[in-house]
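Examination of the molecular architecture
Single-letter residue listing:
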Amino acid sequence: MKLIFNLAAAALLVTGLTSAAEAKELKKQKQFIEAVAGKKLVSGDTWLVISPDGKIEGVGRNNVKITGAWVWNKRFWCRNVVAGQKKFPEDCLKVNIDGSQVEFIRNKGKGDAIVYTIAN
């Protein structure tokens, strides 16, 4: 029984390491546009479309309209967003992609993360 537990734990560890290794950081605007721009990104009740021309549109929780703008700055995706009547502070985020999962990490990769799925 202990052997089965150890094998299962090892399999989880290897699977976790493999998944983390497959994620790719998007460091250039061209990479970001090719991988993410123009596609519908979904996280729970929220969806966004980040246009190649620097616009952000979508719908958040409780059907709140989301609008904004973005630019690429060095290796970060920097955005200004308004959700309903709430204006969020400008933030530059690190972006990772793993298959259809796009992870945005606030504060230049030092803050909270949110993961969106690219919808088909």
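Placed above this text is the structure.
Computed from a predicted model, the values in this text were never measured in an experiment. (Residues numbered from 1 in each chain as written. Predicted model: local features only at pLDDT ≥ 70, side-chain atom pairs only at ≥ 80, totals over all residues. Heavy atoms only, no water.)

Digging into the overall build of the protein
Helix and strand counts for the protein stand at 3 helices and 10 strands. A burial count over the protein gives 28% of its 120 residues as buried. In the protein, of all internal contacts separated by at least 6 residues, the share reaching a separation of at least 24 is 28%. (Helix = DSSP H or I, 4+ residues; strand = E, 2+ residues; numbered from the N terminus. Buried < 20%, exposed > 50% of the residue type's maximum accessible area, 1.4 Å probe, protein only. Contact = heavy atoms within 4.5 Å.)

Here we look at the pairing of strand β9 (residues 101-105)
Two strands pair when backbone bridges link them, and strand β8 (residues 91-98) and β9 are joined in this way by 5 bridges, in the antiparallel orientation. Considered in β9, the bridge of Asp98 is made with Gln101. Hairpin connection from β8 to β9: 2 residues lie between these consecutive antiparallel strands, with Gly99 at a positive phi of about 65°. Note: β9 against strand β10 (residues 113-118), 5 bridges, orientation antiparallel. (Pairing = 2+ DSSP bridges.)

Describing the packing of aromatic side chains
The tally for this structure, following the rule as stated, stands at 5 aromatic pairs. With a centroid separation of 5.0 Å and an interplanar angle of 55°, the aromatic rings of Trp77 and Phe104 are classed as tilted. Remark: Phe104 occurs in strand β9 and Trp77 occurs in strand β6 (residues 76-83); sequence separation between them is 27 residues. Each member of the pair, Trp77 as well as Phe104, carries the same accessibility label: buried. (Phe/Tyr/Trp six-rings, centres within 6.5 Å; stacked < 30°, edge-to-face > 60°.)

What about the environment of Ser100?
Residue placement: Ser100 occurs in the loop between β8 and β9. Sequence separation between Ser100 and Ala119 is 19 residues; the distance between their C-alpha atoms is 7.9 Å. For Ser100, the contacting residues outside a window of four places in its chain are Tyr116, Thr117 and Ile118.

Looking at the layout of surface pockets
Its volume calculated, the largest pocket comes out at about 660 Å³. In terms of lining residues, the largest pocket is bounded by 23 residues, among which Thr46, Ile66, Phe88, Ile114 and Tyr116 are the most central. Residue assignment for the lining of the largest pocket shows that the elements contributing at least two residues are β3 (46-50), β6 and β10. Examining the composition of the lining of the largest pocket, we find that 4 residues originate from one element, β6, more than from any other. Looking at the lining of the largest pocket residue by residue, the classes come out as 13 nonpolar, 5 polar and 5 charged. (1 Å grid on protein atoms, 1.4 Å probe; cavity = no way out; pocket = protein on both sides within 12 Å on 5 of 7 lines; lining within 4 Å. Points joined across faces, edges and corners; volume = space filled by probe spheres on them. Nonpolar A, V, L, I, M, F, W, Y, C, P; charged D, E, K, R; others polar.)

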